[in-house]
Amino acid sequence: MSEEADDDALFVRPFIMTGGRVEPLHDGLRLETLVVAAAGAQTETLEFERRRIVALCAEPATVAEVATRIGVPLGVAKVLIADLVVGGLLVCQQPKELPLHVLERIRDHVRAL
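Conventions adopted
- Residues numbered from 1 in each chain as written.
- Predicted model: local features only at pLDDT ≥ 70, side-chain atom pairs only at ≥ 80, totals over all residues.
- Heavy atoms only, no water.
- Helix = DSSP H or I, 4+ residues; strand = E, 2+ residues; numbered from the N terminus.
- Buried < 20%, exposed > 50% of the residue type's maximum accessible area, 1.4 Å probe, protein only.
- Contact = heavy atoms within 4.5 Å.
- Areas by Shrake-Rupley, 256 points an atom, 1.4 Å probe, with all protein chains shown as cover.
- Salt bridge = Lys/Arg side-chain N within 4 Å of Asp/Glu carboxyl O.
- Arc of directions from axis to C-beta.
- pLDDT = per-residue confidence, 0-100.
- Axes fitted to C-alpha atoms, helices over the stretch in contact; angles between N-to-C directions.
- Parallel < 35°, antiparallel > 145°, perpendicular 65-115°, else oblique.
- Nonpolar A, V, L, I, M, F, W, Y, C, P; charged D, E, K, R; others polar.

Draft legend 1. Spatial organisation of the overall build of the chain. Secondary structure summary: the chain contains six helices and three strands in total. In the chain, the succession of α and β elements from N to C terminus is α-α-β-α-β-α-α-β-α. Here the chain holds 113 residues, and 28% of them are scored as buried. Restricting to contacts in the chain with at least 6 residues of sequence separation, those with at least 24 account for 73%. Total accessible area on the chain stands at roughly 7700 Å², and carbon and sulfur atoms take up 57% of it.

Draft legend 2. Focus on the pattern of salt bridges. For the structure shown, the criterion picks out two salt bridges. Asp 83 is the salt-bridge partner of Arg 50, the closest N and O atoms lying 2.9 Å from each other. Here Arg 50 is found in helix H3 (residues 48-56), whereas its partner Asp 83 is found in helix H5 (residues 74-86), with 33 residues between them in sequence. Take Arg 50 and Asp 83: they sit in the same class, and that class is buried.

Draft legend 3. Fine view of H3. Residues Glu 49, Arg 50, Ile 53 and Val 54 constitute the buried set of H3. Projection of H3 onto a plane perpendicular to its axis shows the buried side chains occupying an angular sector of 135°, all on one side. Structural note: H3 exposes Phe 48 and Ala 55 on the side pointing more than 90 degrees away from its buried face.

Draft legend 4. Quick look at the confidence of the model for the chain. Looking at the chain as a whole, the pLDDT averages 77, with 74% of positions reaching at least 70. Highest mean pLDDT in the chain belongs to strand S1 (residues 34-37) (91); lowest belongs to helix H1 (residues 3-10) (48). Across residues 5-10, confidence stays below pLDDT 50; counting only partners more than four residues off in sequence or on other chains, it has one contact.

Draft legend 5. A look at the packing of helix H4 (residues 63-70) against H5. As a packed pair, H4 and H5 sit with axes 9 Å apart at the nearest point and diverge in direction by 110°. Here H4 is positioned roughly perpendicular relative to H5, judged by the angle of their axes. Of the residues in H5, those in contact with Val 63, Ala 64, Val 66, Ala 67 and Ile 70 of H4 are Leu 74, Ala 77, Lys 78, Leu 80 and Ile 81. Here the residues of the contact of H4 with H5 are counted per class, giving nine nonpolar, no polar and one charged.

Draft legend 6. Structural detail: the side chain of Thr 62. With respect to the helices and strands, the residue Thr 62 is situated in strand S2 (residues 61-62). Other than its neighbours up to four places away in sequence, Thr 62 contacts Leu 31, Glu 32, Thr 33 and Leu 34.

Structure follows, in structure tokens:
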């Protein structure tokens, strides 16, 4: 079997990971939302992606960082993270406001358009 065929055999479609859902169970997750594993979170019964997210969130990470690290689209990451928040395995912390340097970067990117 070719390497390309092996890669195709290992690929899991994103909608399979979310059970076909596109809307998160927990509303309000943004790119900059910090998520961290809840104290004593048990992961033995979790599926692969969810278990990996909880492990990654042993240290606080943003929703965008989690999506990048597990290699899924942002929408898929939001659904998976929301499931874990609702299940009590992750805790999310919304920053009250964006830091000035982030606002400046956004402004600069908008100007560049």
